[in-house]
Amino acid sequence: MKKLSLVVAVISAAVYLTGCNQANSSSNSDTAEVIAIPVEAALARQGEISSSYHTNATLAARAETDVISKSSGIVQQVLVEEGDSVQAGQLLAVLENERQRFMLAKEQAELSRLDSELQRMGEMYQRKLISTDVYEKLRWQYDSVKASVDLAELSVRETEIRAPISGVVSRRYVKTGQLISQMAPQSLFHLVANAELEAVVHIPEQQLAQAKAGQAAILRFAGMLPVEANVSRISPVVDAQSGTVRTTLIIDNSDAKLRPGMFAQVELKFDVKPEALLVPKRAIITIDNQHSVFVVDTEDKVSRKAVHLGYSSDTTVEILEGVATGEKVVIAGQGALKDQSLVTVVTTREF
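Cut-offs and rules
- Residues numbered from 1 in each chain as written.
- Predicted model: local features only at pLDDT ≥ 70, side-chain atom pairs only at ≥ 80, totals over all residues.
- Heavy atoms only, no water.
- Pairing = 2+ DSSP bridges.
- Helix = DSSP H or I, 4+ residues; strand = E, 2+ residues; numbered from the N terminus.
- Contact = heavy atoms within 4.5 Å.
- Core = buried A, V, L, I, M, F, W, Y, C linked by side-chain atoms within 4.5 Å.
- Buried < 20%, exposed > 50% of the residue type's maximum accessible area, 1.4 Å probe, protein only.
- pLDDT = per-residue confidence, 0-100.
- Expected span 1.5 Å × (residues − 1).
- Phe/Tyr/Trp six-rings, centres within 6.5 Å; stacked < 30°, edge-to-face > 60°.
- Lys NZ or Arg CZ within 6 Å of the ring centre and 35° of its normal.
- Salt bridge = Lys/Arg side-chain N within 4 Å of Asp/Glu carboxyl O.

Topic: the pairing of strand 3 (residues 73-78)
Inference 1: As paired strands, strand 3 and strand 8 (residues 179-180) are joined by two bridges and run antiparallel to one another. Paired with Gly 73 across the strands is Ile 180, a residue of strand 8.

Notes on the environment of Val 345
Inference 1: Examined against the element boundaries, Val 345 turns out to sit in strand 20 (residues 343-349).
Inference 2: Through-space distance from the C-alpha of Val 345 to that of Val 296 is 8.7 Å; in sequence the pair is 49 residues apart.
Inference 3: Residue contacts for Val 345: discarding those within four places in its chain leaves Val 39, Ala 41, Val 296 and Lys 328.

Considerations on the nonpolar core
Inference 1: Judged by nonpolar contacts, the single largest core of 22 residues is most densely connected at Leu 59, Leu 219, Leu 249, Ile 251 and Leu 268.
Inference 2: Broken down by secondary-structure element, the contributors of at least two residues to this core are strand 2 (45-67), strand 9 (189-204), strand 10 (216-220), strand 11 (227-238), strand 12 (244-252) and strand 13 (263-280).
Inference 3: If we ignore the near neighbours within four places in the chain, the residues touching Leu 268 are Ser 51, Ser 52, Tyr 53, Val 201, Ile 203, Ala 216, Ala 217, Val 231 and Leu 249.
Inference 4: Listed in part, the 16 residues of the second largest apolar core include Leu 92, Ile 161, Ala 163 and Phe 189.

Some details on the confidence of the model for the protein chain
Inference 1: With 90% of its residues at a pLDDT of 70 or more, the protein chain shows a mean pLDDT of 87.
Inference 2: When mean pLDDT is compared element by element in the protein chain, strand 5 (residues 91-95) scores highest at 96, while helix 1 (residues 2-33) scores lowest at 43.
Inference 3: Residue range residues 1-32 is modelled with pLDDT below 50. Its contacts to residues more than four positions away, or to other chains, number zero contacts.

What to know about helix 3 (residues 132-157)
Owing to its 3.6 residues per turn, the α-helix aligns residues three or four sequence positions apart on the same side.
Inference 1: Look at helix 3: 38 Å from first C-alpha to last across 26 residues, which is about the 38 Å you get at 1.5 Å a residue.
Inference 2: Three or more residues of helix 3 are buried, namely Tyr 135, Leu 138, Tyr 142, Val 145, Val 149, Ala 152 and Val 156.
Inference 3: Its buried side turned inward, helix 3 meets helix 2 (98-126) and strand 6 (160-162).

A short note on the sheet that holds strand 8
Inference 1: Here four strands make up an open sheet; going across it, the order is 6-5-3-8 and the pairing antiparallel. With partners counted over all chains shown, the strands left at the sheet margins are strand 6 and strand 8, one partner each.

Notes on the packing of aromatic side chains
Inference 1: If you walk through the whole model with that rule in mind, you get one aromatic pair.
Inference 2: Between Tyr 125 and Tyr 135, the aromatic rings sit 4.7 Å apart at their centres with planes inclined by 5 degrees, giving stacked as the arrangement. With a gap of ten residues between them, Tyr 125 in helix 2 and Tyr 135 in helix 3 connect regions that are remote in the sequence.
Inference 3: Taking relative accessible area as the criterion, Tyr 125 reaches 27% and is therefore assigned partly exposed.
Inference 4: The ring of Phe 351 is capped by Arg 45, whose NZ or CZ atom sits 4.4 Å from the centre of that ring.

Digging into the pattern of salt bridges
Inference 1: A full pass over the atoms with the stated rule returns 13 salt bridges.
Inference 2: Between Arg 349 and Glu 40 there is a salt bridge whose closest N-O contact spans 2.8 Å. Separated by 309 residues along the polypeptide, Arg 349 in strand 20 and Glu 40 in strand 1 (residues 37-43) bring together distant segments of the chain.
Inference 3: The network of salt bridges with shared partners includes Glu 110, Arg 113 and Glu 117.

Put into structure tokens, the structure is as follows:
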């Protein structure tokens, strides 16, 4: 009888403990279901996005030249310094030219004498007082001296060193008193035309169908605001070794803020959609090349939706299908979510 009572007591205790455990388990489960997961979200919106290609490039001057002397002599005066802006034809330096000027004066005097004599002989020739042979010889002599005057004037002009192009003096090599040799390879000045700069980029062959002359490009420099550029020309030949196409960009530098040799990050904009449906790039979940986002409904529950993507930028991506304008997508905290998870939107960020 005592053994029977003991068995009944043990069974009763076991049933009681089991009931308590089930009750506690049910209570914990209920508590877990009502816990909301904190997330950050953003509203899908309409905006502009472009199909682009990113690369790097170094700025170069569209025109630059070394200035040499066509005459020999000692430098008498230097009129410009490094950094000065010059116009084509502007005087940069002057060589001593007394000898050339004396030669010019001599030839001009001889030409003046022949001119007077030719006029007198011309009147006599009209009246047939001299032969045609005499008159023609005088004319030939006059033309010869006229050519000598032109050469003397050229010699004087060549002692004046002038800018062949408009630009900026990037280097000054010449000094006052220096002896310059005629047509020597030594440069007197180096000029750079920097009102317009160019940058050469090499785009992949796969992007060639989208690239066209006149398309816009954005150049970014360290510590400066972005600068706009345009595609000037595209090479008709694909480099067989690299599989790229040489593309030249033209940059307006009329404000002289840029310098040849500067390094730039280049974004080529192939196509622009002004009213694309955009979400932040952080909202996209990619598994096995399948893209999806978590969308928050009016009851603060999320559902995972497959999406088809279009163009993308550094921070945003175009949604072609799967999300509507104004829907709230999760951009932070997706790792703890599953379908129908309850969430608390801590912040709705703008982008």
